[in-house]
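Breakdown of the fold
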Amino acid sequence: MQQGTEEQNALRTRVYIDGYNLYYGCLKRSLDKWLDPRALVESILPGILYQQNGEPIRYRFQTPAVKYFTAPILEAFATSNDSMACQSHYHAALQGQLQGELQIIKGYHDARPARAHQWEEGKVARECPKIDIWKLEEKQSDVALALHAYSDAIREEVDQIVVLTNDSDFVPAMRMLREHTSAIVGLIAPVRDGRGAVNTEIEKYAHWTRKHIRDEEFARSQLPHMVRSKNGAIHKPITWYPRPDLLMPVYEEAKRVKRSAGAARKWLNQPCVHLRNRIPIDMCSEDGSAQELRAYMNRYAKEFGV
């Protein structure tokens, strides 16, 4: 009875994630892109020491637990050939893993020709010549995040809002949340520990702030390598692994031997008794174990004539 009462009195909590800010603040050039955002926040919240009425706050997620704001990549601006496919696979994996606990709200990118001052050292902008550029802007995502957070709070759908952003564009929304709603507003800055600082303009409107995210918190909050959805299995992109240069030839050989991509992926992600119960895909993270794996695959192919 007491446990039920405590659960009932826990703050109904929802997380609002600025996907653009999270990616460029923490995930770009990292090995943590295959992130489970709910698991990440769950690993952080128990360490928040904020008190209400002299008691540490308790929380429970209000469905959907996470609202994730993002925009599809434009092909012309993609940094690699598989960027669009990787993003699409990631979003599908999030929905497959978290289902009704996650809502993805998409804006869009707008690209147009523009003119801007060229940077020259020691000169102010007006003293530098103008050049033609492409101006790329993310549209609607920031506004949508602000409106969703404010709407959920003003309608008393949630008791606690947790915002993951470091963007000063969200300052007016934070101020209005504090002035016009009773919701507790928490801020998690998408900043790696020791590699940046929280935006103080946003922080001053938060009831509590987590000023960084630790590397080990990212590492512990990854999706499974394979996520099942109603449309089939979704696999972590090969280029998101530590050594795609080692993994790709192993994957191609596994496809040849197993005769399908699905069978190859299944074999790569299961412990193999002939490899001392190690998982083949994990062996592709360094040269020595990858060489051992290739040697086993070559022996297998020779023995069975494939």
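Residues numbered from 1 in each chain as written. Predicted model: local features only at pLDDT ≥ 70, side-chain atom pairs only at ≥ 80, totals over all residues. Heavy atoms only, no water.

**Focus: the nonpolar core**
In terms of nonpolar packing, the biggest core is built from 36 residues, with Leu22, Trp34, Tyr90, Ile188, Trp208 and Phe218 touching the most fellow members. If you look at the next biggest cluster of nonpolar residues, it comprises 25 residues, including Leu145, Leu187, Tyr205 and Ala206. (Core = buried A, V, L, I, M, F, W, Y, C linked by side-chain atoms within 4.5 Å. Buried < 20%, exposed > 50% of the residue type's maximum accessible area, 1.4 Å probe, protein only.)

**Details of the state of the cysteines**
All chains considered together, the criterion is met by 0 disulfides. Cys26 carries a free sulfur, and the closest cysteine sulfur to it, the one in Cys86, is 19 Å from it. Sulfur of Cys86: no disulfide; nearest cysteine sulfur belongs to Cys284 and is 17 Å away. Judged by its relative accessible area of 5%, Cys86 is buried. (Disulfide = S-S within 2.5 Å.)

**Section: the layout of surface pockets**
The calculated volume of the largest pocket comes to roughly 770 Å³. In terms of lining, the largest pocket is formed by 28 residues, of which the most central are Tyr23, Tyr24, Ile73, Ser83 and Gln87. Every element with two or more residues in the lining of the largest pocket is listed here: α2 (19-27), β4 (59-70), α4 (83-98) and β7 (130-139). Here the residues of the lining of the largest pocket sort into 14 nonpolar, 9 polar and 5 charged. As a volume, the second largest pocket reaches approximately 200 Å³. Contributing elements (two or more residues each) for the lining of the second largest pocket: α4 and β12 (232-235). (1 Å grid on protein atoms, 1.4 Å probe; cavity = no way out; pocket = protein on both sides within 12 Å on 5 of 7 lines; lining within 4 Å. Points joined across faces, edges and corners; volume = space filled by probe spheres on them. Helix = DSSP H or I, 4+ residues; strand = E, 2+ residues; numbered from the N terminus. Nonpolar A, V, L, I, M, F, W, Y, C, P; charged D, E, K, R; others polar.)

**Topic: the packing of aromatic side chains**
Aromatic ring pairs are defined here through the distance separating the ring centres and the angle between the ring planes. Following the criterion strictly, the structure yields 9 aromatic pairs and no others. A centroid spacing of 6.1 Å and a plane angle of 90° characterise the contact between Phe77 and Trp134, whose relative ring orientation is edge-to-face. In this pair, Phe77 is assigned in the loop between β4 and α4 and Trp134 in strand β7, connecting sequence segments 57 residues apart. With centroids separated by 4.7 Å and ring planes inclined at 40°, the aromatic side chains of Tyr300 and Phe304 adopt a geometry described as tilted. Taken together, the positions of Tyr300 and Phe304, both in helix α11 (residues 287-304) and 4 residues apart, correspond to about one turn of that helix. By relative accessible area, which is 27% here, Tyr300 ends up partly exposed. According to the relative accessible area criterion, Phe304 is exposed, its value standing at 52%. (Phe/Tyr/Trp six-rings, centres within 6.5 Å; stacked < 30°, edge-to-face > 60°.)

**Structural notes on the pairing of strand β8 (residues 160-164)**
Here β8 lies mainly inside the structure; 5 of its 5 residues are buried. Neither face of β8 is left uncovered, since the one carrying Gln160, Val162 and Leu164 and the one carrying Ile161 and Val163 both have all their residues buried. Across 5 bridges, the pairing between strand β1 (residues 11-18) and β8 is parallel. Residue pairing for β8: Thr13 is matched across the bridge by Gln160. Here β8 runs beside strand β9 (residues 184-188); their pairing, made up of 5 bridges, is parallel. Bridging from a neighbouring strand, Gln160 pairs with Ile184 of β9. (Pairing = 2+ DSSP bridges.)

**Quick notes on the packing of helix α9 (residues 244-258) against α11**
For the pair α9 and α11, the least separation of the axes is 11 Å and the interaxial angle reads 15°. Between α9 and α11, the crossing angle belongs to the class labelled roughly parallel. α9 and α11 meet at a crossing whose hand is left-handed. Contacts between α9 and α11 pair Leu246, Pro249, Val250, Glu253, Ala254, Arg256, Val257 and Lys258 from the former with Asp287, Ala290, Leu293, Arg294, Met297, Tyr300 and Ala301 from the latter. (Axes fitted to C-alpha atoms, helices over the stretch in contact; angles between N-to-C directions. Parallel < 35°, antiparallel > 145°, perpendicular 65-115°, else oblique. Left-handed = near helix turned anticlockwise from the far one by under 90°. Contact = heavy atoms within 4.5 Å.)

**With respect to the pattern of salt bridges**
Throughout the structure, instances matching the rule amount to 26 salt bridges. When the shortest N-O distance is used, the salt bridge between Arg112 and Asp110 registers 2.8 Å. A relative accessible area of 16% means that Asp110 is categorised as buried. Between Arg276 and Glu292 there is a salt bridge, and its shortest N-O distance comes to 3.4 Å. Placement of the pair is Arg276 in the loop between α10 (261-268) and α11 and Glu292 in helix α11, with a sequence separation of 16 residues. Take Arg276: its relative accessible area is 61%, and that puts it in the exposed class. On the basis of relative accessible area, Glu292 is assigned to the partly exposed category, the value being 31%. Through salt bridges that share partners, Arg14, Lys67, Asp152, Arg155 and Glu157 make up one connected network. (Salt bridge = Lys/Arg side-chain N within 4 Å of Asp/Glu carboxyl O.)

None of the figures reported here should be taken as evidence of function without further support.
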